[in-house]
Amino acid sequence: MPLLIDAVRDYYDKLGVKLDPNDVLITTGGSEALLLTCLSILDPYTEVIVPEPYYPNYTTFVHAAGGRIRALPTCPEEGYRYAYRKRIESLITKNTRAILITNPGNPTGVVLDESEMRMIADIAKKHDLFLICDEVYREFCYDDKFGVPTMARFHDIDENLVIIDSVSKRFSACGARVGCVVTKNKELQQALLKFCQSRLAVASIDQVGAAALYSVDHEFFRQSKAEYRCRRDTVVSKLRQIPGVLVEEPMGAFYVMASLPVDDADKFQRWLLESFEDNGETVMFAPGAPFYETPGKGVNEVRIAYVLKQDQLERAMDILAEGIRRYQLEVMEQ
């Protein structure tokens, strides 16, 4: 609907990015935006470089298009940072078609600074690669020095750049399946439209609602960011009080990766659900291994989403601490 496309364009205009109507393709959430992008740019056995750990459905979308992921390794000790030119370029082969990043990151909360964004943009331009930027958490940057980051400000990579966007994350409207692909690459636009002929458009009422959400003022984002910053601080502070936990403070999104002093996070999670309770309560997290492409990595890591209220987060972290203590005694020492 033109109403929603114009709302998206107005939003980007405030970020200093001018878009034509054809530069915006409305999709059923960010997931369809990613799937259609992969189907449009990948061929069988072509490769996409993705920093790990990463959102596991990236594997689904890339594989659906016949492509392969080449993992860009990171580690907790370096805060999961990945913007290193030599590491990225060492993974580029004749089959490389794209670099896919999430900024701010899911699951790590890593936020690229301006120089890191510029360096990755330069690599994509130099090697004539698509740069797919999943920016659905753009407003959730907790250090004001980052502002509202977007690769779309680098106009010299218009032919390379694909922005993935979503209403559900930005406006805390989790049931709203409305996203978009933003690109100025005309050939890619045509390929995306061909795939769109095979599916139904987003429901009209959802598009009208999404257009209204794009009109909210800066105060909404300021309040949301302040609330999530407090939740982040609570979780990180509590995690750092647990002996043996390694955690880096996330600078964006609303997730944190942590290395736990357990033998296997998936095994530990099952034990928490089946054999543990603290005053009738337990906790759930996402085990870390599925966020990695490299076998054996992330085995004792977890992703925690800090989307609960303060008192619930504090209680959850206390339960986790008690769970780790008892798991070490009852399972790991047997």
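Reading the values: the criteria
Residues numbered from 1 in each chain as written. Predicted model: local features only at pLDDT ≥ 70, side-chain atom pairs only at ≥ 80, totals over all residues. Heavy atoms only, no water. Helix = DSSP H or I, 4+ residues; strand = E, 2+ residues; numbered from the N terminus. Buried < 20%, exposed > 50% of the residue type's maximum accessible area, 1.4 Å probe, protein only. Salt bridge = Lys/Arg side-chain N within 4 Å of Asp/Glu carboxyl O. Patch = residues over 30% accessible without salt bridge, like charges linked within 9 Å, V, L, I, M, F, W, Y side chains within 5 Å. Areas by Shrake-Rupley, 256 points an atom, 1.4 Å probe, with all protein chains shown as cover. Contact = heavy atoms within 4.5 Å. Axes fitted to C-alpha atoms, helices over the stretch in contact; angles between N-to-C directions. Parallel < 35°, antiparallel > 145°, perpendicular 65-115°, else oblique. Left-handed = near helix turned anticlockwise from the far one by under 90°. Nonpolar A, V, L, I, M, F, W, Y, C, P; charged D, E, K, R; others polar. Pairing = 2+ DSSP bridges.

Chemist: Lay out unusual backbone geometry with the relevant residues and their values.
Modeler: For the peptide bond that leads from Asn103 to Pro104, omega is -5 degrees, which places it in the cis range. Tracing the backbone shows Pro104 in the loop between β4 (96–102) and α5 (114–126). For the bond from Asn106 to Pro107, the omega torsion is 25 degrees, close enough to zero to count as cis. Backbone geometry places Ala253, a non-glycine residue, at a positive phi of 60 degrees. Inspection of the secondary structure assignment puts Ala253 in the loop between β8 (246–247) and β9 (255–259). Residue class for Ala253 comes out buried when judged on its relative accessible area of 0%.

Chemist: I'd love a proper account of the pattern of salt bridges, names of residues and values included.
Modeler: Applying the stated criterion across every chain yields a total of 28 salt bridges. We note a salt bridge from Arg118 to Asp156, for which the minimum N-O separation is 2.8 Å. Here Arg118 is found in helix α5, whereas its partner Asp156 is found in the loop between β5 (130–134) and β6 (161–166), with 38 residues between them in sequence. Taking relative accessible area as the criterion, Arg118 reaches 24% and is therefore assigned partly exposed. Among the salt bridges present, the one from Arg326 reaches Glu330, with a minimum N-O distance of 3.5 Å. Of this pair, Arg326 and Glu330 both sit in helix α11 (residues 310–332), 4 residues apart, which is roughly one turn of the helix. Sharing partners across several salt bridges, the network here consists of Glu135, Arg138, Glu139, Asp165 and Arg170.

Chemist: Run through a nonpolar patch on the surface, naming residues and quoting values.
Modeler: Taken together, the side chains of Met1, Leu3 and Val208 make up a nonpolar region of the molecular surface, amounting to roughly 240 Å² of accessible area. Of note, Val208 is situated in helix α8 (residues 204–213).

Chemist: Could you give an account of the environment of Ile304, naming the residues involved and the relevant values?
Modeler: Position of Ile304 among the secondary structure elements: in strand β11 (residues 301–305). We classify Ile304 as buried; its relative accessible area is 9%. Separated by 19 residues in the primary sequence, Ile304 and Phe285 place their C-alpha atoms 5.5 Å from one another. Apart from the residues within four sequence positions on either side, Ile304 is in contact with Leu239, Phe254, Tyr255, Val256, Phe285, Met317 and Leu320.

Chemist: I'd like a description of the packing of helix α9 (residues 218–240) against α11, backed by residues and values.
Modeler: For any two helices packed against each other, the geometry comes down to the angle between their axes and how far apart the axes lie. Where α9 contacts α11, the two axes come as close as 10 Å, and the packing angle between them is 20 degrees. The angle between α9 and α11 places the two elements in the roughly parallel class. The handedness of the crossing between α9 and α11 is right-handed. Judged by residue contacts, Cys230, Arg231, Thr234, Val235, Lys238 and Leu239 of α9 engage Gln310, Leu313, Glu314, Met317, Asp318 and Leu320 from α11. Residues that form the contact of α9 with α11 fall into these classes: 6 nonpolar, 2 polar and 4 charged.

Chemist: Describe the pairing of β9, with residues and values.
Modeler: Judged by how many residues are buried, β9 sits mostly within the fold: 5 of 5 residues are covered. Residues Tyr255, Met257 and Ser259 line one face of β9 and the alternating positions Val256 and Ala258 line the opposite face, and both faces are buried. Summarising the sheet, β8 and β9 pair through 2 bridges and their orientation is antiparallel. Across the sheet, the residue bridging to Leu246 is Ser259, located in β9. Across 5 bridges, β9 lies against β11 in antiparallel orientation. Bridging from a neighbouring strand, Ser259 pairs with Glu301 of β11.

Chemist: Can you lay out the environment of Val245 for me, pointing to particular residues and giving the numbers?
Modeler: Relative to the helices and strands, Val245 resides in the loop between α9 and β8. Sequence separation between Val245 and Val262 is 17 residues, and the spatial gap between their C-alpha atoms is 9.4 Å. Setting aside residues up to four positions removed in sequence, Val245 forms contacts with Leu239, Ala258, Ser259, Leu260, Pro261 and Ile324.

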